[in-house]
Every structure is written in structure tokens, then in C-alpha cells.
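Secondary and tertiary structure notes
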Amino acid sequence: MKNISKNTKKFNILSSVKESTPVNGVKLLSVKTGLSDGIILHGSFLGGSIFNKNNPVLPRFVASMISEGTVRHSKEIIREKIEDLGAQINFSSDSYRVYFSISVLKKDVSKIISILAEELREPALTKDTLNLLCTKEITNLSHLREDTRVNAYRILCRNIFSKYHPNYTYTIDESIKFIEKLSLSEIVLFYKKVYGVGSIVIVATGDIDHSIIEKEIIKNFKGWKNSNIASLPVV
């Protein structure tokens, strides 16, 4: 077998990564890859369930409501704008962080970052949206009552981890009760406390120009309030 390693240059990804802090509290890392005319952005910041022990489902609902319209545009208009670009923006959260991911054409990166900033900085956070999401989640959880695999996993996590450990899992009934207790005022309060610059990390890959993405972050995120969360809590 022919050994091709001698003829192949090793790709050191670390040497290809560019890093900067375009805005205080926002770190940008980028690496140019072979993806032609496309850009993928992944970002996250502290704000998961571990930061609200009284109701651990609340942070997840806040993250879900971010994509449900802004104070300036309805959910339908925002989605239409994203679809017109042939792009995607997705939000999620876990025990520690809130995540967003974007795929977009290179020529539209400034437009998609502007939409992302609007969603993060100006979410509508309405009572109707909260009620709709609560109803949907309770219905989904109710269907899981008969799922033996899901229930076995939840029991295992409760037996292994302490109550406030990020891997602890509540029963389905407990989770439903947490959802039923959610109020819009708590949602808004958590958003104001947690969402903001401070622990944001954005990673960009594809057919990118680091300086262009840097300028768009400055344009769209400069002046955003600071998050009250600077580090992980002690478990």
C-alpha cells in the first residue's frame, strides 16, 4: 500500500483560527474552510437551567420564545425574512448555556446577523406565545408517560445525581407542574437578568472574512446591556 502521508500536508486547524473581541463580552473565533459561498455560525452564552433553580424549565422557555417574534416584527415576518435568504437560525439551551446556530450564504451574512441581533435584543415575549408553548410542551410530556425508556432514564438520573445537579432529571409530573407555574413576569425578569453581552462566544466557519463578521457584530451588538451572569454557579 502506498504511503501518501509523505505527500500530504498536515492541516493544523489551530494555526488557522482567528480570534478577536469585537465587543466587550463577545468573543469571535473563525476559521476559513473549503465551503464555497456559505457560512455557518455557532454561538452560545451562559443562561441554562442551572441559573434558575426555583423553576428549571423557565430558561428553556425563554430560549424558545426568542424565535417567536420581536417588538418590531411578528414571528411570521421574521421567518419570511430568514426564508427569503435561504438561511436558518435555530435556538436551544441546556443546563448551562443558550445556543444559536446559523447557516447562510456569504453575501447575506450581514442581513442574518442583523436578524439574530433583533431576536436576541428585542424579543416580544408575549403571554399568548408563552401559553401556546406551555400547552405544546405539556402535551408532549403527557405522551411520554408510557415511554418506559424515557422513564427509566429519568429514574436513573434522579438516583445518581443530587437535586440541583445539572444532570438531575425531574419526573414528568414534576416537569408539568413547573410549566404550569410559569408566568410572563418571571420570563421577562429572567430575560432581563441573563440575556446580554458578557459570556457570548461565536464561532464562524466556511467561506468567511473575519473582519466582515467582526464589523457586523460591532454594528449589531455594541451597546447591548451586560448580562448579570459572569460565571457558572457552584453546584
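As a starting point, this report considers the structure included with it. Bear in mind the structure is a predicted one, so any value in this text is a computation, not a measurement. Sequence order sets the numbering: in each chain, residues are counted from 1 along the sequence as written. The predicted origin of the model limits local features to residues at a pLDDT of at least 70 and limits the giving and counting of side-chain atom pairs to 80 or more, whereas totals for whole chains, interfaces and linings rest on all residues. Processing note: side-chain calculations cover all non-hydrogen atoms of the structure and skip hydrogens and water entirely.

As for the sheet that holds strand β2 (residues 26–32)
The test is simple: A pair of strands counts as paired when DSSP detects no fewer than two bridges linking them. Secondary structure elements follow DSSP: runs of H or I no shorter than four residues count as helices, runs of E no shorter than two count as strands, and numbering proceeds from the N terminus. In this analysis, axes come from line fits to C-alpha atoms, helices being fitted only over the stretch in contact, and the angle between any two N-to-C directions falls in the range 0 to 180 degrees. Contact definition: two residues touch when any of their heavy atoms are within 4.5 Å.
In space, the six strands of this open sheet follow the order β1-β2-β6-β3-β5-β4, with mixed pairing throughout. Lying at the two open borders of the sheet, with one neighbouring strand each, are β1 (18–23) and β4 (88–93). Each neighbouring strand pair of the sheet contributes to a mean axis angle of 15 degrees, computed without reference to strand direction. Contacts from helix α2 (residues 58–65) reach β4 and β5 (97–105), with the element oriented near 170 degrees to β4.

A short note on the environment of Asn 159
Stated formally: Exposure is judged per residue with a 1.4 Å probe applied to protein chains only, and the accessible area is read against the type maximum: over 50% gives exposed, under 20% gives buried, and values in between give partly exposed.
Residue position: Asn 159 is located in helix α6 (residues 148–160). For Asn 159, a relative accessible area of 64% corresponds to the exposed category. Measuring from C-alpha to C-alpha, the distance between Asn 159 and Thr 169 comes to 9.5 Å, with ten residues separating the pair along the chain.

A word on the packing of aromatic side chains
Heads up, the rule is: Classification of ring pairs uses Phe, Tyr and Trp, with its six-membered ring standing for Trp, and accepts pairs whose centres are within 6.5 Å; under 30 degrees between planes counts as stacked, over 60 as edge-to-face, and the remaining range as tilted.
Applying the stated criterion to the full structure yields five aromatic pairs. Both rings, one in Tyr 170 and one in Phe 178, keep their centres 4.9 Å apart while their planes meet at 80 degrees; by these two values the pair is edge-to-face. Taken individually, Tyr 170 and Phe 178 each receive the classification buried, so the pair is uniform in this respect. Judged by centre distance (5.0 Å) and plane angle (35 degrees), the ring pair of Tyr 191 and Tyr 195 falls under tilted. Exposure remark for Tyr 191: the relative accessible area of 7% places this residue in the buried category. We classify Tyr 195 as buried; its relative accessible area is 0%. One aromatic cluster is present, built from ring pairs that chain together Phe 45, Tyr 191 and Tyr 195.

Some remarks on the pairing of strand β3 (residues 38–46)
Along β3, seven of the nine residues are buried, which leaves the element largely enclosed by surrounding structure. As judged from the nine bridges shared by β3 and β5, these two strands associate in the antiparallel manner. Each bridged residue has a counterpart across the sheet, and for Ile 39 the counterpart in β5 is Val 104.

Notes on the nonpolar core
How we decide: By convention a nonpolar core is built from buried Ala, Val, Leu, Ile, Met, Phe, Trp, Tyr and Cys residues, the set being connected through side-chain atoms within 4.5 Å.
Ranked by size, the top nonpolar core spans 60 residues in total, and within it Phe 61, Ile 112, Leu 120, Tyr 195 and Ile 213 carry the most contacts. Residues within four places of Ile 112 in sequence aside, it is in contact with Ile 82, Leu 85, Ala 87, Ile 89, Ile 102 and Val 104.

Here's the deal with the pattern of salt bridges
Where we set the bar: Salt bridge, as applied in this entry: a Lys or Arg side-chain nitrogen positioned within 4 Å of an Asp or Glu carboxyl oxygen.
Evaluation of the coordinates by the stated rule reveals ten salt bridges. A salt bridge links Lys 32 to Asp 207, with the nearest nitrogen and oxygen atoms 2.7 Å apart. Taken together, the positions of Lys 32 in strand β2 and Asp 207 in the loop between β6 (200–206) and α9 (210–221) put the pair 175 residues apart, joining distant regions of the chain. On the basis of relative accessible area, Lys 32 is assigned to the partly exposed category, the value being 48%. Residue Glu 118 pairs with Arg 72 through a salt bridge whose shortest N-O separation is 3.5 Å. Of the two residues, Glu 118 sits in helix α4 (residues 109–121) while Arg 72 sits in the loop between α2 and α3 (75–84), which places them 46 residues apart along the sequence. What emerges from the salt-bridge pattern is a single network uniting Lys 32, Lys 106 and Asp 207.

Focus: the packing of α2 against helix α5 (residues 127–143)
A pair of packed helices is captured by two measures, namely the crossing angle of their axes and the spacing between those axes. Note the following rule: Roughly parallel means an angle under 35 degrees; roughly antiparallel, over 145; roughly perpendicular, 65 to 115; everything else is oblique. Throughout, a crossing is termed right-handed when the near helix is turned clockwise from the far one, and left-handed when it is turned anticlockwise from it by less than a right angle. Amino acids are sorted into nonpolar (Ala, Val, Leu, Ile, Met, Phe, Trp, Tyr, Cys and Pro), charged (Asp, Glu, Lys and Arg) and polar (every other residue, Gly among them).
For the pair α2 and α5, the least separation of the axes is 11 Å and the interaxial angle reads 120 degrees. Relative to α5, the element α2 lies oblique. Between α2 and α5 lies a crossing of right-handed hand. On the side of α2, the interface is formed by Arg 60, Phe 61, Ser 64 and Met 65, while α5 contributes Thr 129, Leu 130, Leu 133, Cys 134 and Glu 137. Its residues assigned to classes, the contact of α2 with α5 comprises five nonpolar, two polar and two charged.

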